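# Inside the fold
This is what each chain is made of:
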Amino acid sequence: MGRVLHLAGKVGAVFTDSCRTAGAVFLLLGDTLRSMVQYRLRWDQIFEQMYFIGIRSQVVVLTTGAFTGAVFAAQVWFQFKRFGMESAIGPTVSIAMCRELGPVLCCLLLAGRVGAAMAAELSSMKITEQVDALRALGVYPTEYLIVPRFLALVISAPILTGLALVTGIGCGYFVAVKIFGVDGAYYWDNTIKFTDSKDVFIALIKSFIFAIIISAIACHKGMNCPPGTAGVGKTTTEAVVNASLCLLIVNFFLTVLLNALLYSN
Amino acid sequence: MLELQGIRKSMGGQEVLRGVNLRVGPAERVVVIGRSGCGKSVMLRLIMGLLQPEAGSVVFEGKKLTGLSEEEWNPYRRKIGMLFQGAALFDSLSVFANLAFPLREQGERSEEVLRQKVAEALRIVSLSGTEEKMPAELSGGMKKRAALARAIISRPEIMLYDEPTTGLDPIVADSINRLILHLGKMFGMASIVVTHDMVSARMVGDRISYLHEGKIYFEGTPDQVDHCQDPLVRDFVRGHAEGIGITG
């Protein structure tokens with residue numbers, strides 16, 4: 001009985017702690033949105049962050065998109081050729097890339113690359129009193145540090161996802177048509193026929209929401225870093241892990257919701 | 001000019017300040033001494049509005065600052081400068097950009113005016129010619145002086161110094177102490193210096209307050225502190241550990 005109570009206590013503590021953290025992340029998100037309206041936007045910083053997030057992430061995102069599309073096309077070909085359904089590879093690859101693989105993989109990479117950088121940078125500033133120095137100089141940290149990162153990520157993530165989709169679908173075509181000899185005309189015709197603009201919309205809206213999740217969690221972790229250099233490492237790891245897990249969980253609910261909303265008829 | 005009235009503050013479940021009262025007059029230099037962890041830095045953060053007290057209030061120029069929102073605090077923060085223990089220069093910005101930062105935030109856009117004011121502030125702290133350096137390229141003492149230049153560039157009415165000489169060699173520490181004195185005289189700034197360096201305390205303080213167990217335990221001129229017969233104050237001033245039960 002004692003063990004059961006002890007276990008229940010631990011589970012309860014984890015649950016309340018998670019609720020508290022989620023509440024704090026939502027409060028930070030609300031503060032970020034309020035700061036975007038209340039203060040002037042620092043476009044120089046937003047562009048600087050967009051360069052880091054958007055331009056500097058292109059290679060890794062495009063490579064991931066390309067090989068995901070290529071591998072998926074190969075796998076689908078191996079399965080579909082048994083039933084003589086090779087011409088269905090195109091729409092299968094394109095719909096899977098748009099609805100799931102493109103936004104999820106692209107944003108998981110962004111959580112790793114950009115989320116880690118955000119959390120590490122902000123937590124370093126926090127432990128070296130730079131965040132306090134900002135406040136001492138009359139600058140609101142949310143406005144100066146978080147808003148540019150948040151906006152840069154929510155603008156860049158859908159664009160990067162779009163690029164990942166294009167390269168993924170393109171590489172899927174290359175593998176299916178040029179390597180496995182699927183008829184190119186059928187491939188494109190079926191791809192265009194069965195891929196809806198709603199599929200692309202799903203990709204973009206998902207990556208937009210994932211970008212909000214990544215930036216909110218990474219910035220929250222960074223701004224609440226425990227003192228000491230060990231805190232920076234811990235914060236960075238937690239930011240990436242929490243953002244990735246949250247992204248995967250939210251993806252499930254988004255899939256259900258968006259399908260219900262967009263394909264209810 | 002600045003007054004702390006019955007300030008109470010807990011950190012990590014422990015009450016570190018238990019009713020601190022402190023008054024600083026115009027152009028007065030008050031040094032707060034006390035053992036490590038006694039709440040000296042917390043007190044400065046409360047004055048700056050970086051922390052909020054659980055009880056008591058901070059009154060600046062007759063205005064009660066406690067309970068103000070972040071936005072309401074900002075005009076007062078521009079009148080109060082702070083030198084952080086670790087200098088807290090923005091490490092992604094050059095020395096010039098660090099010093100120009102508060103001026104730009106206050107709306108100064110002319111590059112010529114910024115160059116002129118930054119050069120003047122750097123000259124005061126003897127760092128002329130370091131405008132293009134990054135904080136990582138500066139020594140500990142230079143970082144402190146650059147941070148001091150950033151804090152004084154918008155001419156605050158009161159300066160808060162958090163352990164200004166900690167971690168510096170005696171020569172550099174002496175230069176910082178002289179700078180604190182010089183700035184006070186030059187601009188008529190009041191100062192609160194938090195330190196456990198008694199050399200620094202004697203040199204820069206018009207008045208020294210000893211913070212012990214969350215309260216101002218003793219207050220007096222440097223001379224009165226040196227001749228105080230209270231065992232707690234005497235042991236701290238002389239650096240004796242016997243009074244707290246540690247005897248090698």
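What you see is a predicted model, and the numbers here were worked out from it, not measured in a lab. (Residues numbered from 1 in each chain as written. Chains lettered and ligands numbered in written order. Predicted model: local features only at pLDDT ≥ 70, side-chain atom pairs only at ≥ 80, totals over all residues.)

### Notes on the packing of helix H8 (residues 197-223) of chain A against helix H9 (residues 229-262) of chain A
Residues and elements named next belong to chain A.
- The interhelical angle for the contact between H8 and H9, taken along N-to-C directions, is 150°, at an axis separation of 9 Å. By the angle between their directions, the pair H8 and H9 is classed as roughly antiparallel. For the crossing formed where H8 meets H9, the hand is right-handed. Of H9, the residues touching H8 (which contributes Lys 198, Ile 202, Ile 205, Lys 206, Ile 209, Phe 210, Ile 213, Ile 214, Ile 217, Ala 218, Lys 221 and Gly 222) are Thr 235, Glu 238, Ala 239, Asn 242, Ala 243, Cys 246, Leu 247, Val 250, Asn 251, Leu 254, Leu 258 and Leu 262.
- Grouping the constituent residues of the contact of H8 with H9 by class yields 16 nonpolar, four polar and four charged. (Axes fitted to C-alpha atoms, helices over the stretch in contact; angles between N-to-C directions. Helix = DSSP H or I, 4+ residues; strand = E, 2+ residues; numbered from the N terminus. Parallel < 35°, antiparallel > 145°, perpendicular 65-115°, else oblique. Left-handed = near helix turned anticlockwise from the far one by under 90°. Contact = placed C-beta atoms within 7 Å. Nonpolar A, V, L, I, M, F, W, Y, C, P; charged D, E, K, R; others polar.)

### Thoughts on the UniProt feature "transmembrane region" (unreviewed entry) in chain A
Residues and elements named next belong to chain A.
- As recorded in UniProt, the sites labelled "transmembrane region" (unreviewed entry) are residues 59-80, 150-180, 200-219 and 240-263.
- With 100% helix and 0% strand, residues 59-80 has end C-alpha atoms that lie 31 Å from one another.
- Helix makes up 100% of residues 200-219 and strand 0%. Its end C-alpha atoms lie 28 Å apart. (UniProt positions renumbered as here; feature names shortened; annotations may be inferred.)

### Focus on the domain arrangement of chain B
All names here are of chain B.
- Per the domain assignment, the segments making up chain B are domain 1 (1-42 + 161-243) and domain 2 (80-155).
- Its C-alpha centre places domain 1 at a distance of 25 Å from the equivalent point of domain 2.
- Between domain 1 and domain 2, the contact holds 14 residues from the first and 11 residues from the second.
- Sorting the residues of the side of domain 1 that touches domain 2 by element identifies strand S7 (158-162) and helix H6 (170-187) as the ones contributing at least two each.
- Residue contributions to the side of domain 1 that touches domain 2 peak at six residues, all from H6.
- Split into classes, the residues belonging to the side of domain 1 that touches domain 2 amount to eight nonpolar, four polar and two charged. (Domains from an automatic or database assignment.)

### Considering helix H2 (residues 43-55) of chain A
Residue and element names in this part refer to chain A.
- All buried positions along H2 are accounted for by Gln 49, Met 50, Ile 53 and Gly 54. Taken end-on, H2 shows its buried residues confined to a sector of 115°, consistent with a single buried face. For H2, exposure combined with an orientation more than 90 degrees from the buried face picks out Asp 44, Tyr 51 and Ile 55.
- For H2, the elements touching its buried residues are helix H4 (89-127) and helix H6 (141-179). (Buried ≥ 20, exposed ≤ 12 C-beta atoms within 10 Å, placed from the backbone. Arc of directions from axis to C-beta.)

### Details of the sheet that holds strand S9 (residues 207-212) of chain B
All names here are of chain B.
- Read from one edge of the open sheet, six strands run S6-S7-S8-S3-S9-S10, paired in mixed fashion. Every other strand in the sheet has two partners, leaving strand S6 (80-83) and strand S10 (215-220) as the edge strands with one partner each. Neighbouring strand axes in the sheet, compared pairwise and without regard to direction, differ in orientation by 20° on average.
- Sheet topology places strand S3 (residues 29-33) next to S9; four bridges connect them, and they run parallel. Residue pairing across strands places Val 32 opposite Ser 209, the latter belonging to S9.
- Helix H1 (residues 40-48) contacts S3, S6, S7, strand S8 (190-194) and S9 of the sheet and is inclined by roughly 150° relative to S7.
- Across the sheet, helix H5 (residues 140-152) is in contact with S6 and S7; its angle to S6 comes to roughly 170°. (Pairing = 2+ DSSP bridges.)

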